[in-house]
Amino acid sequence: LYFSAQEGILFFYHIKDLQYEMKICADILKPISSLIFCPDYTVLLLVTEQGAVYTYKPAHSGEAVKLLDACSSCFLAADFLTPGNKYCVSVTISGEVQVWFLEDGTCLSKLNLDIEVHVT
């Protein structure tokens, strides 16, 4: 079970029967608003309240790597494009939808919806 704290810490809880172990996986020093696994569970996207997107690879147990940073407005949400885990799509508060190549953070495509996006 992965869990993020308001302080920007990503925790992993290994639960077995009535016992559990807690491990700190990453500390990005910014509040995390969303955690999204790719379909094969090899990569975890961390979206911050400030609009940055990080990747974390559980099998490598390394640090979270900053992939994207908010350009003109904060990312509201991000998710993987399936099948696979090579691309993700994001939407900003200003209504811009973007497709990203996760390998190097290249923005491949943008579409401006010309409407402000809200979470309900």
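Above this text you will find the structure in question.
Read on for an overview of the structure. Everything numeric in this text was worked out from a predicted model, so none of it was measured.

Turning next to the sheet that holds strand β3 (residues 19–27). Strand order in the open sheet formed by 3 strands is β1-β2-β3, with antiparallel pairing between adjacent strands. Both edges of this open sheet fall to β1 (2–4) and β3, since each of them pairs with a single strand only. On average, each strand axis in the sheet is inclined to that of its neighbour by 25°, with strand direction left out of account. Direction of pairing for β1 relative to strand β2 (residues 9–16): antiparallel, over a ladder of 3 bridges. The residue bridging S4 from the neighbouring strand is L10, located in β2.

Here we come to the nonpolar core. Nonpolar side chains in soluble globular proteins tend to end up buried together. Ranked by size, the top nonpolar core spans 14 residues in total, and within it L45, L68 and F80 carry the most contacts. Among the elements of the structure, β5 (44–48), β7 (65–68) and β8 (75–80) are those that each provide at least two residues to this core. Considering every element that reaches this core, the biggest residue donor is β8, with 3 residues. Counting residues in each nonpolar core, the second largest holds 11 residues, with L10, L44, A52 and Y54 among its members.

With that settled, consider a nonpolar patch on the surface. A cluster of nonpolar side chains, namely L1, I15, Y20, M22 and I24, defines an oily patch on the protein surface of about 580 Å² accessible area. Within the fold, M22 resides in strand β3.

Next up on the list: the packing of aromatic side chains. The description of an aromatic ring pair uses the distance of the two centres, along with the angle that the planes make with each other. Under the counting rule described, the total for this entry stands at 9 aromatic pairs. Both rings, one in Y2 and one in F37, keep their centres 5.5 Å apart while their planes meet at 70°; by these two values the pair is edge-to-face. Residue Y2 is found in strand β1, and its partner F37 is found in strand β4 (residues 32–37); the two are separated by 35 residues along the sequence. Judged by its relative accessible area of 27%, F37 is partly exposed. With 5.6 Å between their ring centres and 45° between their planes, Y87 and F101 make a pair best called tilted. Taken together, the residues Y87 in strand β9 (residues 87–92) and F101 in strand β10 (residues 96–101) connect sequence positions 14 residues apart. We classify Y87 as partly exposed; its relative accessible area is 34%. One aromatic cluster is present, formed by Y2, F12, F37, Y41 and Y56 through successive ring pairs.

Each value, and the rule that gives it
- Residues numbered from 1 in each chain as written.
- Predicted model: local features only at pLDDT ≥ 70, side-chain atom pairs only at ≥ 80, totals over all residues.
- Heavy atoms only, no water.
- Pairing = 2+ DSSP bridges.
- Helix = DSSP H or I, 4+ residues; strand = E, 2+ residues; numbered from the N terminus.
- Axes fitted to C-alpha atoms, helices over the stretch in contact; angles between N-to-C directions.
- Core = buried A, V, L, I, M, F, W, Y, C linked by side-chain atoms within 4.5 Å.
- Buried < 20%, exposed > 50% of the residue type's maximum accessible area, 1.4 Å probe, protein only.
- Patch = residues over 30% accessible without salt bridge, like charges linked within 9 Å, V, L, I, M, F, W, Y side chains within 5 Å.
- Areas by Shrake-Rupley, 256 points an atom, 1.4 Å probe, with all protein chains shown as cover.
- Salt bridge = Lys/Arg side-chain N within 4 Å of Asp/Glu carboxyl O.
- Phe/Tyr/Trp six-rings, centres within 6.5 Å; stacked < 30°, edge-to-face > 60°.

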